Amino acid sequence: MTRLLFVDHQGHETPLEVEAGLTLMEVARLGGFDSIAAECGGGCACATCQVYLEPALFAALAPMSEMEECMLELAAHRRATSRLACQLTTGHALEGARIELPESQY
Amino acid sequence: MDEETNPARVVVIGAGQAGSQFCFALRRHGFGGEIVLLGEEPHAPYQRPPLSKAFLKGEMDQRRLLLKPAQAYADSGVEFRPGAVATGIDRAARQVVLASGERLAYDRLAIATGSRPRALPAPGGTLGGVLALRGIDDTLRLRDRLDACRALIVVGGGYIGLEVAATARAKGIPVTVLERAERVLARVTSPRMSAWFEALHRRHGVDVICDAEIAELSGTGGQVTGAVLADGRVIPGDTVLVGIGVDANDGLASEAGLACDGGILVDADARTQDPLIYALGDCTRHPVGPYAGQHRVESVHNALDQAERAARHLLGLDPPAYDPPWFWSDQYDAKLQAAGLFNGHDAQLSHGDPESGRFALLYFARERLVAVDAVSDPASFMAARQLLKQDAAATLAECRAHSLKELLALRKNGEPVP
Ligand SMILES: Cc1cc2nc3c(=O)[nH]c(=O)nc-3n(C[C@H](O)[C@H](O)[C@H](O)COP(=O)(O)OP(=O)(O)OC[C@H]3O[C@@H](n4cnc5c(N)ncnc54)[C@H](O)[C@@H]3O)c2cc1C
Ligand code: FES
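Residues numbered from 1 in each chain as written. Chains lettered and ligands numbered in written order. Predicted model: local features only at pLDDT ≥ 70, side-chain atom pairs only at ≥ 80, totals over all residues. Heavy atoms only, no water.

## Looking at the domain arrangement of chain B
All names here are of chain B.
Part 1: According to the domain assignment, chain B consists of domain 1 (9-116 + 247-314), domain 2 (119-244) and domain 3 (333-412).
Part 2: Distance between the C-alpha centres of domain 2 and domain 3: 31 Å.
Part 3: Of the residues lining the interface, ten residues belong to domain 2; the matching set on domain 3 comes to twelve residues.
Part 4: When residues of domain 2 are sorted by the area they lose upon contact with domain 3, Arg192, Met193 and Trp196 head the list and together hold 54% of the total.
Part 5: Joining domain 2 to domain 3, the criterion identifies four residue pairs in polar contact (both at pLDDT 80 or more).
Part 6: Counting residues per element, the side of domain 2 that touches domain 3 draws most heavily on helix H6 (residues 191-203), at five residues. (Domains from an automatic or database assignment. Contact = heavy atoms within 4.5 Å. Buried area = accessible area lost by both parts, 1.4 Å probe. Polar contact = N/O pair within 3.5 Å; in protein donor to acceptor, adjacent residues only side chain to side chain. Helix = DSSP H or I, 4+ residues; strand = E, 2+ residues; numbered from the N terminus.)

## Details of the packing of aromatic side chains
Residues and elements named next belong to chain B.
Part 1: Inspection of the entire model under this criterion finds nine aromatic pairs over all chains.
Part 2: Between the aromatic rings of Trp196 and Phe197, the centroid separation amounts to 5.1 Å while the plane-to-plane angle is 85°, which identifies the pairing as edge-to-face. We note that Trp196, like Phe197, is buried.
Part 3: Ring centres of Trp196 and Phe359 lie 5.3 Å apart, and the angle between their planes is 55°; this geometry places the pair in the tilted category. Linking Trp196 in helix H6 with Phe359 in strand S24 (residues 358-365), this pair joins segments that are 163 residues apart in sequence.
Part 4: Each member of the aromatic cluster is reached from another via a ring pair, and the members are Phe24, Tyr73 and Phe80.
Part 5: Against the face of Phe24 rests Lys68, its NZ or CZ located 4.4 Å from the ring centre.
Part 6: Here the guanidinium or amino end of Arg143 rests over the ring plane of Phe55, the centre of that ring lying 4.7 Å away. (Phe/Tyr/Trp six-rings, centres within 6.5 Å; stacked < 30°, edge-to-face > 60°. Buried < 20%, exposed > 50% of the residue type's maximum accessible area, 1.4 Å probe, protein only. Lys NZ or Arg CZ within 6 Å of the ring centre and 35° of its normal.)

## As for the sheet that holds strand S9 (residues 130-131) of chain B
All names here are of chain B.
Part 1: Taken in spatial order, the five strands line up as S9-S16-S10-S11-S12 in an open sheet, and their pairing is parallel. Two strands lie at the open edges of the sheet, namely S9 and strand S12 (207-209), each paired on one side alone.
Part 2: With four bridges connecting them, strand S10 (residues 152-155) and strand S16 (residues 239-242) associate as parallel partners. Across the sheet, Val155 pairs through a bridge with Val242, a residue of S16.
Part 3: Contacts between helix H5 (residues 159-170) and the sheet are confined to S10, strand S11 (175-178) and S16, with S11 contributing the most and set at about 170° to the helix. (Pairing = 2+ DSSP bridges. Axes fitted to C-alpha atoms, helices over the stretch in contact; angles between N-to-C directions.)

## A closer look at the site of ligand 1
All names here are of chain B.
Part 1: Neighbouring ligand 1 are 33 residues; Ala18, Glu41, Lys53, Arg134 and Asp282 lie closest to it.
Part 2: Between ligand 1 and Glu41, the relevant distance is 2.6 Å, taken from an oxygen atom to a side-chain nitrogen or oxygen of the residue.
Part 3: A distance of 3.1 Å is found between an oxygen atom of ligand 1 and a backbone nitrogen or oxygen belonging to Ser299.
Part 4: Taking 990 Å² as the accessible area of ligand 1 by itself, protein coverage stands at 95%.
Part 5: Listed by contribution, the elements that provide at least two residues to the shell around ligand 1 are helix H1 (17-28), strand S2 (34-39), helix H8 (300-314) and strand S21 (326-331).
Part 6: Considered class by class, the residues forming the shell around ligand 1 number 17 nonpolar, nine polar and seven charged.
Part 7: For the shell around ligand 1, the domains that each give at least three residues are domain 1 (9-116 + 247-314) and domain 2 (119-244). (Near = heavy atom within 4 Å. Areas by Shrake-Rupley, 256 points an atom, 1.4 Å probe, with all protein chains shown as cover. Nonpolar A, V, L, I, M, F, W, Y, C, P; charged D, E, K, R; others polar.)

## Quick word on the packing of H1 of chain B against H8 of chain B
The packing of two helices is summarised by the inter-axis angle and the distance between the axes.
All names here are of chain B.
Part 1: Axis separation between H1 and H8 bottoms out at 8 Å; the angle between their running directions is 35°. In terms of crossing hand, the pair formed by H1 and H8 is right-handed. Judged by residue contacts, Gln17, Ala18, Gln21, Phe22, Ala25, Leu26 and Arg28 of H1 engage Val300, Ala303, Leu304, Ala307, Glu308, Ala310, Ala311 and Leu314 from H8.
Part 2: Its residues assigned to classes, the contact of H1 with H8 shows eleven nonpolar, two polar and two charged. (Left-handed = near helix turned anticlockwise from the far one by under 90°.)

## Things to note about the pattern of salt bridges
Part 1: Within this structure, the stated rule accounts for 33 salt bridges over all chains.
Part 2: Between Arg98 of chain A and Glu13 of chain A there is a salt bridge; the shortest N-O distance is 3.1 Å. Placement of Arg98 of chain A in strand S5 (residues 98-100) and of Glu13 of chain A in strand S2 (residues 13-17) is noted, with a sequence separation of 85 residues between them.
Part 3: By relative accessible area, Glu13 of chain A is classed as partly exposed at 47%.
Part 4: Across the pair Arg134 of chain B and Asp282 of chain B runs a salt bridge, and its minimum N-O distance is 3.1 Å. Residue Arg134 of chain B is located in the loop between S9 and helix H4 (136-147), and its partner Asp282 of chain B is located in the loop between strand S19 (277-279) and strand S20 (284-285); the two are separated by 148 residues in the primary sequence.
Part 5: Classification of Arg134 of chain B as partly exposed rests on a relative accessible area of 22%.
Part 6: Residue class for Asp282 of chain B comes out buried when judged on its relative accessible area of 12%.
Part 7: Several salt bridges converge on common partners, so that one network encompasses Glu13, Arg98 and Glu100 of chain A. (Salt bridge = Lys/Arg side-chain N within 4 Å of Asp/Glu carboxyl O.)

## Here's the deal with the nonpolar core
Part 1: Core analysis: the biggest nonpolar cluster contains 132 residues, and Phe6 and Ile36 of chain A together with Phe22, Leu152 and Leu280 of chain B have the highest contact counts within it.
Part 2: Look past the residues within four positions of Phe22 of chain B in its chain and what remains in contact with it is Val10, Val12, Ala110, Leu280, Ala307, Ala310, Ala311 and Leu314 of chain B.
Part 3: Leu98, Ile264, Ala279 and Cys283 of chain B belong to the second-largest nonpolar core, a separate cluster that totals 23 residues. (Core = buried A, V, L, I, M, F, W, Y, C linked by side-chain atoms within 4.5 Å.)

## Some points on the sheet that holds strand S25 (residues 368-375) of chain B
Residue and element names in this part refer to chain B.
Part 1: With antiparallel pairing, the five strands of this open sheet are ordered in space as S21-S22-S25-S24-S23. What marks the edges here is a single partner per strand, and that holds for S21 and strand S23 (347-353). Between one strand axis and the next, the sheet turns by 15° as a mean value, whatever way the strands run.
Part 2: Pairing of S21 with strand S22 (residues 334-340), which is carried by six bridges, proceeds in the antiparallel orientation. Counted as the bridge partner of Gln331 is Ala334 from S22.
Part 3: The sheet strands contacting helix H9 (residues 378-387) are S21, S22, S24 and S25, and the helix crosses S22 at an angle near 15°.

## A short note on the packing of helix H3 (residues 66-73) of chain A against H9 of chain B
Part 1: One way to put it is that H3 of chain A packs onto H9 of chain B with a least axis distance of 8 Å and a crossing angle of 20°. Overall, the two elements H3 of chain A and H9 of chain B adopt an arrangement that is roughly parallel. For the crossing formed where H3 of chain A meets H9 of chain B, the hand is right-handed. Within the contact between the two elements, H3 of chain A uses Met67, Cys70 and Met71 of chain A and H9 of chain B uses Pro378, Ala379, Phe381 and Met382 of chain B.
Part 2: Here the contact of H3 of chain A with H9 of chain B is composed, by residue class, of seven nonpolar, no polar and no charged. (Parallel < 35°, antiparallel > 145°, perpendicular 65-115°, else oblique.)

What follows is the structure, encoded as structure tokens:
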């Protein structure tokens, strides 16, 4: 069973279990971790599901689509390891990952 | 806190995008009283956009539509009552009347009843196979129907109709779109953008017929077999999706004597005339940022924004900063992202090449940027959302000289570029 740790901006940690077929955003949302706004519900249209990954994990994942890259480019609080959680399907690569949240999704 | 800012019980009518957000916003801002969320549908609050997109395609299971896990309501002290229909508001007694006959007292009330699809005002509109699309159950019906569909007629070339058309084409189903106006998307975008979307659908094999007045839907054995147009043309189809717009569910409010005009009239904080009653989401008409007039804005962003504003107002907190309205639509590979309100524009510019499939149309009123429709151009969309927030609106001259992304970078602290 793959486990993840979501960490909000205050440092509160919420461990959640990954389910096959859900995106990282949905794992958070359906797990009741609600610091991810995800206004467009996974449409890659809002950039309010931004998360920070650990550098090693960021590097190990398949690269972003151009759409995701462009959405993030002008998103607030962007960092080098930012991703849109709705664009990441969950799987073994995320085992034990620590997913941090920006101070705000806006 | 006193009763003024800390009422004992808040009742919310309508467990959709706006109603649900409102409950959790109250909690997030520290509200400690009782919250009762009444929902007509049997489902916990869910998102509607996928109903004409991924969920219709069958790419996502029903649970993924939920806005919150089912237990989140109880966990947050929100008494969510599925299948509870409000049938009246007794303002004098401060009670909501339910279909069950129960009377539920409120200290503050929020009306978040959404909107409902307009019925086709033509004979045959109730034949089997004639469907509308608003809720999960509608999509499940349409999805089943599409599995065996040999020809789909979409009545109404709005976003929902066009998204369904695109989904049906992906399944290889022949599709005819019948639009009464002279162009598709006539209510929501400019003629140029309409023409682009019409061409997109034609390229994908959709027969788009504008100026189409439907005389009747024909059928045999109670099942629809096609549409007859006023000019005598007959369009065959075994399934008809009617997407000719929605009407605000403002009946409860108007019966209770609250002012309505194609939606419950509220101010920028989602307040009705009754200081104890808020109204939010698709069921309202309200002022929007710098735009003149009152607007019914049928979008997720609007529902969330009004929910936040109402919650803050109820708790005596400052309103959030203005965030311009925005919307998106997915059709084939094209992603439309629209920001601002384009009504009342008197000039436009295009950035990028529409032929390339990636471009943006910029709309101006008196040389000031008021709205942007971006097609598969997220950079322009994201920049537009920020530019439209700035007090000194971007000018036509600035937008002629720069892309929106450049302009955002050049406009330090929102000051116009000299
Ligand atoms: C198919 C489809 C696709 C869409 N796509 C997009 C999109 O891509 N982007 C976008 O921004 N927006 C989209 N929208 C619009 C968006 O979903 C709505 O603007 C949003 O849901 C409005 O939220 P709401 O809470 O006001 O209304 P709703 O979400 O409709 O919720 C209202 C709820 O109130 C309930 N209710 C009504 N009357 C009563 C009563 N008397 N008692 C109890 N309960 C009652 C209703 O059953 C309903 O569940 C789409 C809508 C549809 C239908
Ligand atoms: S949820 Fe909107 S971009 Fe991810």
